[in-house]
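Each chain, letter by letter, is given below.
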Amino acid sequence: MLRSALRLTAGLAAFFLTTMSAQAAGAGAPHLDGAELGIYWAIPFAGILLSIAVFPLVADRFWHHHFGKVSAFWALAFIVPFTVFYGWQLALFEALHVFFLEYLPFIILLFSLFTVAGGVRLRGKLQGTPAVNTLMLLIGTVIASWMGTTGAAMLLIRPVIRANEWRTHRVHVIVFFIFLVANIGGSLTPLGDPPLFLGFLKGVDFFWPTIHMLKPMAFVSVILLVVFYILDSYYYRKEGDLPEQSHENEPDGLKIEGGVNILFLAGIVAAVLLSGIWKPGIGFDLFHVHIEIQNVARDVLLLVIAGLSWKFTSLQSRMANGFSWFPIIEVGKLFSAIFITIIPAIAILKSGTAGALEPVISAVSADGEPVNYMYFWATGFLSSFLDNAPTYLVFFNTAGGDAGHLMGPLANTLLAVSAGAVFMGANTYIGNAPNFMVRSIAEERGISMPSFFGYMLWSGAILVPCFVAVTFLFF
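Only a predicted model underlies this, so the values are computations on that prediction, with no experimental measurement involved.

Some thoughts on the overall build of the protein chain
Link 1 in the chain: Looking only at helices and strands, the protein chain has 22 helices and six strands in total.
Link 2 in the chain: Whereas a compact globule of 475 residues would reach a radius of gyration of roughly 23 Å, the protein chain reaches 22 Å, a difference of no more than 12%.
Link 3 in the chain: The principal-axis extent of the C-alpha atoms belonging to the protein chain is close to 70 × 55 × 45 Å.
Link 4 in the chain: Of all intrachain contacts in the protein chain linking residues separated by at least 6 positions in sequence, the fraction that spans at least 24 positions is 82%.
Link 5 in the chain: Roughly 19700 Å² of accessible area belongs to the protein chain as shown, and the carbon and sulfur atoms make up 67% of that amount.

Here's the deal with the pattern of salt bridges
Link 1 in the chain: Inspection of every chain in the model, using the stated rule, returns five salt bridges.
Link 2 in the chain: A salt bridge links R167 to D232; its shortest N-O distance comes to 3.0 Å. Placement of R167 in the loop between helix 6 (149-163) and helix 7 (171-180) and of D232 in helix 10 (residues 214-237) is noted, with a sequence separation of 65 residues between them. Taken as a pair, R167 and D232 share a single burial class, namely buried.
Link 3 in the chain: The partner of R439 in a salt bridge is E443, with the nearest N and O atoms 3.7 Å apart.

Considerations on the side chain of S317
Link 1 in the chain: Along the chain, S317 turns up in helix 13 (residues 315-320).
Link 2 in the chain: For S317, the side chain forms a polar contact with the side chain of E257, separated by 2.8 Å.
Link 3 in the chain: Beyond its immediate chain neighbours, meaning those up to four positions away, S317 contacts R121 and E257.

Regarding helix 2 (residues 43-58)
Link 1 in the chain: For helix 2, built from 16 residues, the straight-helix expectation of 22 Å at 1.5 Å per residue is met to within 8% by its first-to-last C-alpha distance of 21 Å.
Link 2 in the chain: Three or more residues of helix 2 are buried, namely P44, F45, G47, I48, L49, S51, I52, A53 and P56.
Link 3 in the chain: Buried positions along helix 2 lie against helix 3 (60-86), helix 14 (326-341), helix 17 (372-385), helix 21 (433-444) and helix 22 (452-474).

Observations regarding the nonpolar core
Link 1 in the chain: The biggest cluster of nonpolar side chains holds 144 residues, and the ones touching the most others in it are L224 and F423.
Link 2 in the chain: With 17 residues, helix 4 (residues 88-117) is the largest single contributor of residues to this core.

Digging into the environment of F67
Link 1 in the chain: You can see F67 is positioned in helix 3.
Link 2 in the chain: Each C-alpha atom, one on F67 and one on A337, is 11 Å from the other, the two residues being 270 residues apart in sequence.
Link 3 in the chain: In this structure, F67 is in contact with F62, F326, I329, E330, K333 and L334, ignoring residues within four places of it in sequence.

Let's talk about a nonpolar patch on the surface
Link 1 in the chain: Taken together, the side chains of V260, L263, V300, V304, L308 and F312 define a hydrophobic patch exposed on the protein surface, amounting to about 500 Å² of accessible area.
Link 2 in the chain: Within the residue set of the nonpolar patch, elements represented by two or more residues are helix 11 (260-277) and helix 12 (293-312).
Link 3 in the chain: The biggest single contributor to the nonpolar patch is helix 12, with four residues.
Link 4 in the chain: With respect to the element layout, L263 can be found in helix 11.
Link 5 in the chain: With a relative accessible area of 62%, L263 lands in the exposed category.

A word on helix 17
Link 1 in the chain: The terminal C-alpha atoms of helix 17, which comprises 14 residues, lie 21 Å apart, in line with the 20 Å expected from a rise of 1.5 Å per residue.
Link 2 in the chain: Restricting attention to buried positions, one finds in helix 17 the residues N372, Y375, F376, A378, T379, G380, L382, S383 and S384.
Link 3 in the chain: Buried-residue contacts for helix 17 involve helix 15 (343-350), helix 16 (358-362), strand 6 (369-370), helix 18 (388-398), helix 20 (411-423) and helix 22.

A closer look at the pairing of strand 3 (residues 283-286)
Link 1 in the chain: Across the two faces of strand 3 the burial is the same, with G283 and D285 and F284 and L286 all buried.
Link 2 in the chain: Note: strand 3 against strand 4 (residues 289-292), four bridges, orientation antiparallel. Looking across to strand 4, one finds that F284 is bridged to I291.

Focus on the packing of aromatic side chains
Link 1 in the chain: If you walk through the whole model with that rule in mind, you get 46 aromatic pairs.
Link 2 in the chain: Ring geometry for Y375 against F395: centres 6.2 Å apart, planes inclined by 80°, an arrangement best described as edge-to-face. Remark: F395 occurs in helix 18 and Y375 occurs in helix 17; sequence separation between them is 20 residues.
Link 3 in the chain: Judged by its relative accessible area of 3%, Y375 is buried.
Link 4 in the chain: A residue is classified by how much of its surface remains accessible, and F395, at 0% relative accessible area, is buried.
Link 5 in the chain: Stacked on the ring of F323, the Lys or Arg R318 has its end atom at 4.9 Å from the ring centre.
Link 6 in the chain: Cation over ring: R439 sits above Y429, and NZ or CZ is 4.8 Å from the ring centre.

The rules behind the values
Residues numbered from 1 in each chain as written. Predicted model: local features only at pLDDT ≥ 70, side-chain atom pairs only at ≥ 80, totals over all residues. Heavy atoms only, no water. Helix = DSSP H or I, 4+ residues; strand = E, 2+ residues; numbered from the N terminus. Rg over C-alpha atoms; globule rule 2.2 N^0.38 Å. Contact = heavy atoms within 4.5 Å. Areas by Shrake-Rupley, 256 points an atom, 1.4 Å probe, with all protein chains shown as cover. Salt bridge = Lys/Arg side-chain N within 4 Å of Asp/Glu carboxyl O. Buried < 20%, exposed > 50% of the residue type's maximum accessible area, 1.4 Å probe, protein only. Polar contact = N/O pair within 3.5 Å; in protein donor to acceptor, adjacent residues only side chain to side chain. Expected span 1.5 Å × (residues − 1). Core = buried A, V, L, I, M, F, W, Y, C linked by side-chain atoms within 4.5 Å. Patch = residues over 30% accessible without salt bridge, like charges linked within 9 Å, V, L, I, M, F, W, Y side chains within 5 Å. Pairing = 2+ DSSP bridges. Phe/Tyr/Trp six-rings, centres within 6.5 Å; stacked < 30°, edge-to-face > 60°. Lys NZ or Arg CZ within 6 Å of the ring centre and 35° of its normal.

Right, dumping it as structure tokens:
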């Protein structure tokens, strides 16, 4: 699979480079006006979400074998009528735009992190006690801001699962892992979460989130860690006389196998950061879709790093780590449909007060002044179901789009947008990239995770009260 991916990328890169052009071929590109779209165009997006939510409950065997076909059905349910109504040029442009500028970078980053982090095996006599579990969640929350929520989640999810293999009550551990490591922990730097990285590219200072997001992030994290410790202690006492995990073959203390992958993880972070700050002004166009050379370089570097990780990590160690390709295949197929069907929803949102979501956009201001708590909840609610990065950008621009002004007089508005996008990505499995991946890895390791709606019951009962408290304290 890895060799095929590398060959495909090399072939695409060679083709793109032969079509590279200095002139702005993007001139005259087809344009999708979100103001012209009715909300019914989002039905296929709702369809793929409901499929993810319902099929595993009512037809689990069918879903396990045919989720790729279901994803393709919903993608076609949007793209075919869209082509009929708006023409093949606009349909092709939107499909290529979302594929090359959004989906491909997303899946390549996830693939590289999945491959590299899957080569790190933490050995030792880790026992999933409430104290150990809470400590691992704390460590993951702290490092997520500096290596990204996806990187931290992929690095720690297997050690967390392995430490709790002997327990019968494990679902809550993974749910809180998603809350903290895969979402809340990424609040403090642009490296932590994609929305903050977009803000950095728009001119927000690198350490602005570190200073301003620290208090709300610490507030929510402490509450979640305390609640988790209490809940885990309760379930731990219910384990009874179950045999504890065997450590016969484990060394005393902690030992890291595949430690070279830690360097590869640093390389992934560096490649992503480089693509954001290196702007050579070189690019090429493929049917009006402008592809910048720094993004191509980033994606090639990420695939090379994944290849090096595969080469320099023992296959036996990966197998002992419970590594398989199924989780990344599942995420790749499902999110291909999500990225396609989300096109009209994002276009409507970008059209602002002229679009079908005008009530949402209008609700964030009153008499020309921003309503910060509404910025928090509007950004957060939409980030729970749509991609939180473009949602952040929409409300960033709705608030004026001037980074200097937003960091100054409107600092609380920028905080509301940032916190909403990062925090509430934890509300659903699709709110942030690593959520679904963590769920897939956990299920593959025999943990029966909540359904789509079941997970929302967890987030509704635990996260929403925290966000209400954040609203009163900070906005």
